[in-house]
Amino acid sequence: MKITISTVDEVMVLSVKGSIDSQTAPEFQTAILAQIETDNNLILDLRENEFISSAGLRVLLIVYRSSKITSGKLVLVGASEEIREVMHNTGCSKFFTFADILEEGIKIIK
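Residues numbered from 1 in each chain as written. Predicted model: local features only at pLDDT ≥ 70, side-chain atom pairs only at ≥ 80, totals over all residues. Heavy atoms only, no water.

Asks: What's the story with the sheet that holds strand β2 (residues 11-20) in this structure? I'm lost.
Replies: The five strands lie next to each other as β1-β2-β3-β4-β5, forming an open sheet whose pairing is mixed. A single partner strand is all that each edge strand has here, and the edge strands are β1 (2-8) and β5 (97-99). The average angle at which neighbouring strand axes cross in this sheet is 25 degrees, direction not considered. In the sheet, strand β3 (residues 42-52) pairs with strand β4 (residues 74-77) via four bridges, with the strands oriented parallel. Bridge pairing links leucine 44 to leucine 76 in β4. (Pairing = 2+ DSSP bridges. Helix = DSSP H or I, 4+ residues; strand = E, 2+ residues; numbered from the N terminus. Axes fitted to C-alpha atoms, helices over the stretch in contact; angles between N-to-C directions.)

In structure tokens:
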């Protein structure tokens, strides 16, 4: 897994390439929670994410709760149909805002 952090149109974007599984979830959690402490509005770019395990879903729920505590917004951009289906089947999708493209995610944040 590779994590890239950038700012696009004054919005923090955390891009994930690869899989978020039991091996990479701790690194993912550390990186994303550090960004939420800096800016409570965050786009999680999943366009190059291949897989999210239950450990990854757990991290996303932790991040969701953290962003809600600070009245922040979290938008998942580019999640594949497979990932959306897993999130829907586990009941996780109701907690998240999804966008297909980055520009749409930025509009939601602003």
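Asks: What's the story with unusual backbone geometry in this structure? I'm lost.
Replies: Of note in this structure, aspartate 9 is not a glycine but carries a positive phi near 55 degrees. Position of aspartate 9 relative to the elements: it lies in the loop between β1 and β2. With a phi angle near 65 degrees, glutamate 10 is a residue other than glycine that sits in the positive phi range. Tracing the chain through its elements places glutamate 10 in the loop between β1 and β2. Glutamate 10 gets classed as exposed once you look at its relative accessible area, which sits at 72%. (Buried < 20%, exposed > 50% of the residue type's maximum accessible area, 1.4 Å probe, protein only.)

Asks: Teacher, can you tell me more about the pattern of salt bridges here?
Replies: Close approach of charged atoms allows side chains with opposite charge to pair. Taken as a whole and judged by the stated rule, the model has four salt bridges. A salt bridge links lysine 110 to aspartate 9; the nearest nitrogen and oxygen atoms lie 3.4 Å apart. Here aspartate 9 lies in the loop between β1 and β2 and lysine 110 lies in the segment after α4 (102-109), a separation of 101 residues in the sequence. The exposure class of lysine 110 is exposed, given its relative accessible area of 56%. (Salt bridge = Lys/Arg side-chain N within 4 Å of Asp/Glu carboxyl O.)

Asks: Mind showing me how you'd approach the environment of isoleucine 109 here?
Replies: Looking at the element boundaries, isoleucine 109 is found in helix α4. As for isoleucine 109 and valine 11, which are separated by 98 residues in sequence, their C-alpha atoms are 7.6 Å apart. Leaving out residues up to four positions away in the same chain, isoleucine 109 has contacts with Val11, Asn41, Leu42, Ile43, Lys73 and Val75. (Contact = heavy atoms within 4.5 Å.)

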